[in-house]
Structure formats: structure tokens, C-alpha cells
Amino acid sequence: MILRNTGEDAQRRLRTVARDGVDLYLAEGGTIRIAVVQASALVLQMAANHETNDRETTALGEAYVATLLIGSTLKNDERLCLLYDSAGSGFTCD
């Protein structure tokens with residue numbers, strides 16, 4: 001959901017993108033796990049909510065998608081935390 005009043009352009013773009021989701025597949029008798037992520041709406045919403053420019057949207061969007069991919073491998077009560085250090089070290093995943 002877009003939380004900020006971003007105007008009609010962001011709302012229109014959001015209505016035209018494919019629905020987000022993660023599809024999981026197993027191959028080679030379950031020894032290979034494949035995750036396919038569609039996250040266009042998530043990235044558009046993130047950009048609108050955080051009022052990011054193109055470069056920031058790319059960096060933060062890639063971090064969001066990477067977190068989704070890593071998160072798709074978690075089992076049971078495992079947790080994942082994405083941290084951003086604005087002092088220069090960038091994103092870390094814990």
C-alpha cells in the first residue's frame with residue numbers, strides 16, 4: 001500500500017504491474033531449490049513511501065528482492081533481518 005500522497009502517476013503504474021509473489025520449485029529430486037520472485041509492485045510502493053530517486057530505488061529495491069530470495073529458503077522459526085548502515089558499509093543481512 002502506498003502510504004504517501006504521491007499523485008496519480010504512482011497509483012497508475014502500480015495498477016499496471018504484475019502481481020507480486022514468490023514461486024518455489026525443486027529440481028534434481030529435491031537437491032536444487034529454485035525461487036522466482038516478482039516484486040515490481042513492492043519496489044514501486046517502497047519508492048513512493050520512501051520518496052527515493054532512481055538510484056536509491058534501484059539499490060533499495062535490489063536489497064528488498066535479495067531479502068525475499070534469501071527469505072524463501074528459511075525454514076520453521078528461522079528469521080532474517082536486513083540492516084542498512086548509512087555510514088558507508090551499506091546493506092548487511094543477518
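No experiment lies behind these values; they were computed from the predicted model shown. Note that residues are indexed from 1 along each chain, following the sequence as it is written. Residue-level local features of this predicted model are given only where pLDDT is at least 70; pairs of side-chain atoms are given and counted only at 80 or more, and the full residue set underlies all totals for whole chains, interfaces and linings. Hydrogens and waters are ignored; side-chain quantities use all the structure's heavy atoms.

### Considerations on the overall build of the protein chain
In this text, helices come from DSSP runs of H or I with a minimum length of four residues, and strands from runs of E with a minimum of two, each type numbered from the N-terminal end. When you go through the protein chain residue by residue, the secondary structure sums to three helices and four strands. Start at the N end of the protein chain and walk to the C end: the helices and strands fall as α-β-β-α-α-β-β. The 94 residues of the protein chain split such that 19% are buried. Contacts are assigned to residue pairs that have any heavy atoms within 4.5 Å of one another. Considering only contacts in the protein chain between residues 6 or more positions apart, those separated by 24 or more positions represent 35%. With a 1.4 Å probe rolled over the protein chains alone, any residue whose accessible area is under 20% of its type maximum counts as buried; one over 50% counts as exposed, and the rest are partly exposed.

### As for unusual backbone geometry
One non-glycine residue, E51, adopts positive backbone phi at about 50°. Tracing the chain through its elements places E51 in the loop between α2 (40-50) and α3 (54-71). The phi angle at N76 is positive, at roughly 50°, despite the residue not being glycine. Turning to its location among the elements, N76 is positioned in the loop between α3 and β3 (82-85).

### Examining the pairing of strand β2 (residues 32-38)
Regular strands have side chains that alternate between both faces of the sheet. In this scheme, strands are said to pair when DSSP sees at least two bridges between them. Summarising the sheet, strand β1 (residues 21-27) and β2 pair through seven bridges and their orientation is antiparallel. Bridge assignment links Y25 to a residue of β2, and that residue is I34. Hairpin connection, β1 to β2: the antiparallel pair is bridged by four residues, and E28 has positive phi, about 50°.

### Focus: α2
Along α2, the positions that sit buried rather than exposed are A41, V43, M46, A47, A48 and N49. Once α2 finishes, E51 follows within two positions and takes phi at roughly 50°, a positive value.

### Let's talk about the confidence of the model for the protein chain
Summarising the model, the protein chain shows a mean pLDDT of 80, and 79% of its residues fall at 70 or more. Confidence, expressed as mean pLDDT per element, reaches its minimum in the protein chain at strand β4 (residues 90-93) with 63 and its maximum at β1 with 89. Per residue, pLDDT captures the predictor's confidence, and it can take any value from 0 to 100.

### A look at the packing of α2 against α3
Geometry is summarised by axes, namely lines fitted to C-alpha atoms with helices restricted to the contacting stretch, and by angles between N-to-C directions that run from 0 to 180 degrees. Between α2 and α3, the shortest axis-to-axis distance is 10 Å and the interhelical angle comes to 135°. Taken together, α2 and α3 sit at an angle that is classed as oblique. In this structure, α2 meets α3 at a crossing whose hand is right-handed. Residues L42, V43, M46, A47 and H50 of α2 touch α3, and the partners they reach there are T57, L60, G61, Y64 and L68. Polarity classes work like this: nonpolar for Ala, Val, Leu, Ile, Met, Phe, Trp, Tyr, Cys and Pro, charged for Asp, Glu, Lys and Arg, and polar for all others, with Gly in that last group. Class assignment of the residues belonging to the contact of α2 with α3 gives a composition of seven nonpolar, three polar and no charged. These descriptions rest on fixed angle ranges, namely under 35 degrees for roughly parallel, over 145 for roughly antiparallel, 65 to 115 for roughly perpendicular, and the rest for oblique. In a left-handed crossing the near helix is turned counterclockwise from the far helix by less than a right angle, and in a right-handed crossing that turn is clockwise.

### Observations regarding α3
End to end, α3 covers 25 Å across 18 residues, agreeing with the expected 26 Å (1.5 Å per residue, within 8%). For α3, the complete set of buried residues consists of T57, L60, G61, A63 and T67. Taken around the axis of α3, the buried residues stretch over an arc of 160°, which confines them to a single face. Residues D54, R55 and E62 are exposed on α3 and point more than 90 degrees away from its buried face. A helix is expected to span 1.5 Å multiplied by its residue count minus one. Throughout, the arc means the angular range of directions from the helix axis out to the C-beta atoms.

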